Amino acid sequence: MIVVLKKVGEKPTLHEVNKNTLLESLRHLVGGVIQGVPADDQGKYDLVVNEEGKVKNLQPNFFFYGDIICGDVVLVRNNSEGDYISIPDNERLFALEYMKSFEKGQQNYV
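The residue serine 101 is located in helix H2 (residues 92–103) in this model. Residue classification places serine 101 among the buried positions, given a relative accessible area of 10%.

Here it is, written out as C-alpha cells:
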C-alpha cells in the first residue's frame, strides 16, 4: 500500500506499507498513538499524525490551517467507506505536491 511520508525536515516521499499490518505500520512511522486528521474537504485524504506529538515535544513539521503539526506525518487515501487504501497511481504526483505545499505555507484544501 502506497502512502506519502513527510518526516520532519525532509521532503515528502512515497512510502510502501504492508496493508496487513497497516495500523502497526502507521504507529511506527509517526512514533506513537495515531490520529487521523481530515486533509481535504471531500474526505479523500487524511493526515495520520502522532496524537501526542505536542505533548511529547516532537519537532514541528509544518503548519496546517492555523495549527502546527509536530512529528512525522503520513498522508493516506480513503475509500468511500472511510478505510485507508493505497494512493492510486494517477494521484501520487498530486499527493506529493500537496504535501510539499505545506512546507511553503500554501494550506489550501484540495
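A few words now on the nonpolar core. Core analysis: the biggest nonpolar cluster contains 17 residues, and Val4, Leu47, Phe62, Phe64, Val73, Leu75 and Met99 have the highest contact counts within it. Where this core is concerned, the elements lending two or more residues are strand S4 (45–50), strand S5 (60–64), strand S7 (73–78) and H2. Top element by residues in this core is H2. It accounts for five residues. When sequence neighbours within four positions are dropped, the list of residues in contact with valine 4 reads Pro12, Thr13, Leu14, Val73, Val74, Leu75, Ile87, Ala95, Leu96 and Met99. Val3, Leu5, Val74 and Val76 belong to the second-largest nonpolar core, a separate cluster that totals 11 residues.

With that settled, consider the confidence of the model for the protein. For the protein, the average pLDDT comes to 91, and 94% of its residues sit at 70 or higher. Least confident of the elements in the protein is H2, whose mean pLDDT is 91; most confident is strand S1 (residues 2–6), at 98.

It is worth spelling out the pattern of salt bridges at this point. Under the defined criterion, the tally for this structure stands at five salt bridges. As a salt-bridge pair, lysine 56 and glutamate 52 come within 3.4 Å of each other at their nearest N and O atoms. Using a relative accessible area of 47% as the deciding quantity, one classes lysine 56 as partly exposed. Measuring nitrogen to oxygen at the nearest pair gives 2.5 Å for the salt bridge that ties lysine 54 to aspartate 67. Note that lysine 54 is positioned in the loop between S4 and S5 and aspartate 67 in strand S6 (residues 67–70), a separation of 13 residues in sequence. By relative accessible area, aspartate 67 is classed as partly exposed at 36%.

What counts as what
- Residues numbered from 1 in each chain as written.
- Predicted model: local features only at pLDDT ≥ 70, side-chain atom pairs only at ≥ 80, totals over all residues.
- Heavy atoms only, no water.
- Helix = DSSP H or I, 4+ residues; strand = E, 2+ residues; numbered from the N terminus.
- Buried < 20%, exposed > 50% of the residue type's maximum accessible area, 1.4 Å probe, protein only.
- Core = buried A, V, L, I, M, F, W, Y, C linked by side-chain atoms within 4.5 Å.
- Contact = heavy atoms within 4.5 Å.
- pLDDT = per-residue confidence, 0-100.
- Salt bridge = Lys/Arg side-chain N within 4 Å of Asp/Glu carboxyl O.

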